[in-house]
Amino acid sequence: MTRHVAIVGTGPAGFYCAEAIFKKDPEIRVDLIDRLPTPYGLVRSGVAPDHQGTKNVWRVFDRTAKRDPVSFYGNVELGRDVSVTELLGLYDAVVIATGVTVDRQLGIDGEQLPGVYGSRELSAWYNGHPDYAGLDPELKGPGIAVIGNGNVAVDVVRVLSRARDEMAKTDIPEYALKKIEESDYTDLYMLGRRGPTQASFTTAELRELGDMDQTVAVVDAAQLPDEVHVDDPKQQKKMEKIIDTLRGYSEHDPNSKPKRLHMKWFSSPVRILGEDRVTGLEVAKTHLVDGKAEITGEHYTIEVGTVITAIGYFAQPIEGLPIGTWRGCYENEDGKIRDRLWAVGWAKRGPSGVIATNRKDSMGVAEALMAELEDGGRAGGEGLAKLLGERGVRVTSYDDWAKIDEREVGGAAEGAPRKKLCSIEEMLAACE
Ligand code: NAP
């Protein structure tokens, strides 16, 4: 008899897991389930639009999706259309690959004011995710503060800093381009609560900030260390490159371009100011104590109309999936949540690592899962299709996705890869 595995979430972790299962045993049926009619998760709606090279990894996933024992069930939401318990009734194993999609909060006064956005919602907005296409964020000046020093913060400041021409060969939706272009901000602030050598962004991403048409990266040389001392030699090299790059930025003329990106460290937001909406940000200066940021007692204020947090994420609540407090992902041990229920990717380890990190990680979970996989005579995809049919869910297949893809690619402006359909209705209409 055939064994059936359901993977919920079709970002990199889900696809790498499906491929690992297929490679080990092509007799196992793998059903990939996604809440959107489209596949690829953060590759489609998280990776910045000007990183089309990174997005090209979809070609690898496309091969997996077209394997005989693999099927795609789009427009099916776990917790809404089908429950974890029901999937466990239909499949011999279920893998949660839904990522972590809730923005972490700073927990400071003023965070609820209009004009404060999380990086998850903002990046999903400029990527045309149907849930966020209507966000219409107020990108108000004179300044915009982006909190955090990871690659997500770098993505956000870069997309908000670029000129229309620099985005011409991307799939950013016109509504986002127009909003960014017409907004009045002239100064962006990227704030790290610790120092530049504690930042988690990577060198390549940092270097892109030095190469933007209308925005100049500005760094105060006094915030940079004279020398870098890190225990790990690999990390030492990385940090030397980062400080070198930042030293270069410290020589930039702030008035050389119409907009400035101020990179500031030892800066911890303590209060978002404003009555009806954001008008400023109060920041406490910090210093390092045992590697942690401690507030010195000195404060400063920056005049911003928008605050964007890029300080990490945690998992969305789903019935039957307890969330751990520390890493913000579903509670699991080496990917195992409980009998026949597994997690991969950010749902397993929290929001860390690049796309490729998921390959090895998902392979490990696939191996452990297969070692325990037994044929329970379960109905698999046939049973799922029947259940969803009874509930009136309009499931999209991978062929449907091909139609959406064709419509998007066909509608692209010259030089752009596609013009994204940004609503479920448009996507479903394209499938007919
Ligand atoms: P991250 O690298 O963990 O960065 C989170 C940042 O938020 C850190 O600078 C952290 O500072 C700061 N932070 C956390 N809590 C804070 C608070 N209360 N106040 C002020 N700052 C706070 O996470 P991420 O940027 O969200 O990225 C997630 C993963 O995706 C990373 O592995 C990243 O490399 C990857 N990614 C990669 C790319 C790419 O390859 N181009 C693009 C996007 C994302 P502390 O260090 O002081 O905690």
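For the structure itself, consult the block above.
Here the structure is a predicted model, which means the values were calculated and not measured. (Residues numbered from 1 in each chain as written. Predicted model: local features only at pLDDT ≥ 70, side-chain atom pairs only at ≥ 80, totals over all residues. Heavy atoms only, no water.)

## Side note on the nonpolar core
- Ranked by size, the top nonpolar core spans 41 residues in total, and within it Leu 160, Leu 209, Leu 246 and Met 263 carry the most contacts.
- Of all the secondary-structure elements, those providing two or more residues to this core are helix H6 (119–126), strand E7 (143–147), helix H7 (151–161), helix H8 (174–182), strand E8 (187–191), strand E9 (215–219), helix H10 (233–250) and strand E10 (259–264).
- Here this core takes 6 residues from H7, the largest share from any one element.
- With residues up to four places along the chain from it excluded, the contact list for Leu 209 reads Val 154, Val 157, Arg 158, Ala 217, Tyr 249, Leu 261 and Met 263.
- Counting 38 residues, the second largest nonpolar core, distinct from the first, contains Val 5, Ile 21, Val 57 and Met 427. (Core = buried A, V, L, I, M, F, W, Y, C linked by side-chain atoms within 4.5 Å. Buried < 20%, exposed > 50% of the residue type's maximum accessible area, 1.4 Å probe, protein only. Helix = DSSP H or I, 4+ residues; strand = E, 2+ residues; numbered from the N terminus. Contact = heavy atoms within 4.5 Å.)

## Re helix H14 (residues 398–410)
- An ideal rise of 1.5 Å per residue puts 18 Å on 13 residues; H14 measures up with 18 Å between its terminal C-alpha atoms.
- Looking at the buried side of H14, the elements it contacts are helix H2 (41–45), helix H4 (58–65), strand E3 (70–73) and helix H15 (424–431). (Expected span 1.5 Å × (residues − 1).)

## A closer look at the side chain of Arg 158
- Examined against the element boundaries, Arg 158 turns out to sit in helix H7.
- Of note is the side chain of Arg 158, whose polar atom sits 2.7 Å from the side chain of Asp 50.
- The residues touching Arg 158, leaving out its near neighbours within four places in the chain, are Ala 48, Asp 50, His 51, Glu 208, Leu 209 and Met 212. (Polar contact = N/O pair within 3.5 Å; in protein donor to acceptor, adjacent residues only side chain to side chain.)

## Concerning the sheet that holds E3
- Here we have 6 strands laid out as an open sheet, ordered E3-E2-E1-E4-E17-E16, and mixed in their pairing. Each having just a single partner strand, E3 and strand E16 (336–338) make up the two edges of the open sheet. For this sheet, the mean angle separating the axes of adjacent strands, direction not counted, is 25°.
- Bridge count for strand E4 (residues 93–96) against strand E17 (residues 341–343) is 3 bridges, and the pairing is parallel. Among the inter-strand pairings, Val 94 is bridged to a residue of E17, identified as Leu 341. (Pairing = 2+ DSSP bridges. Axes fitted to C-alpha atoms, helices over the stretch in contact; angles between N-to-C directions.)

## Considering the packing of aromatic side chains
- Per the counting criterion, the structure on display carries 9 aromatic pairs.
- Summarising the aromatic geometry, the rings of Phe 15 and Tyr 40 are spaced 5.8 Å apart at their centres and angled 45° between planes, so their arrangement reads as tilted. One end of the pair, Phe 15, is in helix H1 (residues 12–24); the other, Tyr 40, is in the loop between strand E2 (29–33) and H2, and 25 residues separate them in sequence. With respect to burial, Phe 15 and Tyr 40 carry one shared label: buried.
- Taking the centre distance of 5.9 Å and the plane angle of 45° together, the rings of Trp 125 and Tyr 175 count as tilted. Linking Trp 125 in helix H6 with Tyr 175 in helix H8, this pair joins segments that are 50 residues apart in sequence.
- Judged by relative accessible area, which is 1%, Trp 125 ranks as buried.
- By the ring-pair criterion, three or more aromatic residues cluster together here, those being Phe 15, Tyr 16, Tyr 40, Trp 58, Phe 61 and Trp 401.
- Residue placement shows Lys 259 over the ring face of Tyr 185; its charged tip is 4.2 Å from the ring centre. (Phe/Tyr/Trp six-rings, centres within 6.5 Å; stacked < 30°, edge-to-face > 60°. Lys NZ or Arg CZ within 6 Å of the ring centre and 35° of its normal.)

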